[in-house]
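The lines below spell out each chain.
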Amino acid sequence: MSWQAYIDTSLVGPGNIDKAVICDSAGSAIWASSAGFTVSDAERKAIADSFNDRSEPKGVIANGIKISGEKYMTIEASDDALKAKKGKEGIVAYKTTQALLIGHHNADGQTTVAFNDVATLGEYLKKMGY
């Protein structure tokens, strides 16, 4: 399956995420994305770097993240996952060995449900060596 097919089928397809991007785990190269979903190099890198942040609290918890220039408050961050909210909208991210999956859900979606879709694909990619 192509990277774009993962976006279209596994992330956006179920309807819990309205747009997504898949890039390398450092956040430097986009492999596939939803049309119109712009996540800058700096925004992707900030999320990727958060997974290696060992400070307490993590910088993304204290400062939030930006996606498409909009600030989201991080509600949960671990060594391989991130959840952030702006009002009722949300961002979910999951890091595999080689990839970083970032998804957005609109105000009608739920962050936990959107995160489950991203984590399910992330776990599959880990099993496939990515």
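Let me begin by describing the structure that accompanies this report. The structure displayed is predicted, hence computed values, not measured ones. Counting restarts for each chain, with residues numbered from 1 along the sequence as it is written. For this predicted model, a pLDDT threshold of at least 70 governs which residues receive local features, and a threshold of 80 or more governs which side-chain atom pairs are given and counted, while totals over whole chains, interfaces and linings are taken from all residues. For side-chain calculations, the full set of non-hydrogen atoms in the structure is used, while hydrogens and water are omitted.

## Things to note about the packing of helix H1 (residues 3-11) against helix H4 (residues 111-127)
Then, number 1: Think of each axis as a best-fit line through the C-alpha atoms, taken over the contacting stretch in the case of a helix, with angles from 0 to 180 degrees between the N-to-C directions. Helix and strand assignments come from DSSP, with helices taken as H or I runs of at least 4 residues and strands as E runs of at least 2, each series counted from the N terminus. Between H1 and H4, the least distance of the axes is 10 Å, while the angle of their chain directions is 140°. Taken together, H1 and H4 sit at an angle that is classed as oblique. Note that H1 runs across H4; the crossing there is right-handed. Note on element contacts: H4 touches H1 through Asp117, Val118, Leu121, Tyr124 and Leu125, opposite Trp3, Tyr6, Ser10 and Leu11.
Then, number 2: By the convention adopted, Pro, Cys, Tyr, Trp, Phe, Met, Ile, Leu, Val and Ala count as nonpolar, Lys, Arg, Asp and Glu as charged, and the other residues, Gly among them, as polar. Along the lines of polarity and charge, the residues of the contact of H1 with H4 split into seven nonpolar, one polar and one charged. Here the angle decides the label: under 35 degrees means roughly parallel, over 145 means roughly antiparallel, 65 to 115 means roughly perpendicular, and every other value means oblique. If you view the pair so one helix is near and one far, a crossing is left-handed when the near helix is turned anticlockwise from the far one by less than a right angle, and right-handed when it is turned clockwise. Throughout, a contact is declared for two residues whenever any of their heavy atoms are within 4.5 Å.

## Examining the pairing of strand S6 (residues 89-95)
Then, number 1: Note on classification: 1.4 Å probe, protein chains only; a residue is buried when its accessible area is under 20% of the maximum for its type, exposed when over 50%, partly exposed between these limits. For S6, a buried count of five out of seven residues is recorded, marking the element as mostly surrounded by other parts of the structure.
Then, number 2: The pairing of strand S5 (residues 81-86) with S6 spans six bridges and is classified as antiparallel. Residue pairing for S6: Lys83 is matched across the bridge by Val92.
Then, number 3: Between S5 and S6, which pair antiparallel one after the other, the connecting turn spans two residues, and Gly87 there sits at a positive phi close to 65°.
Then, number 4: Both S6 and strand S7 (residues 99-105) contribute to a ladder of six bridges, which runs antiparallel. Residue pairing for S7: Ala93 is matched across the bridge by Ile102.
Then, number 5: Whether two strands pair depends on DSSP finding at least two bridges between them. Between S6 and the antiparallel strand that follows it, S7, lie three residues.

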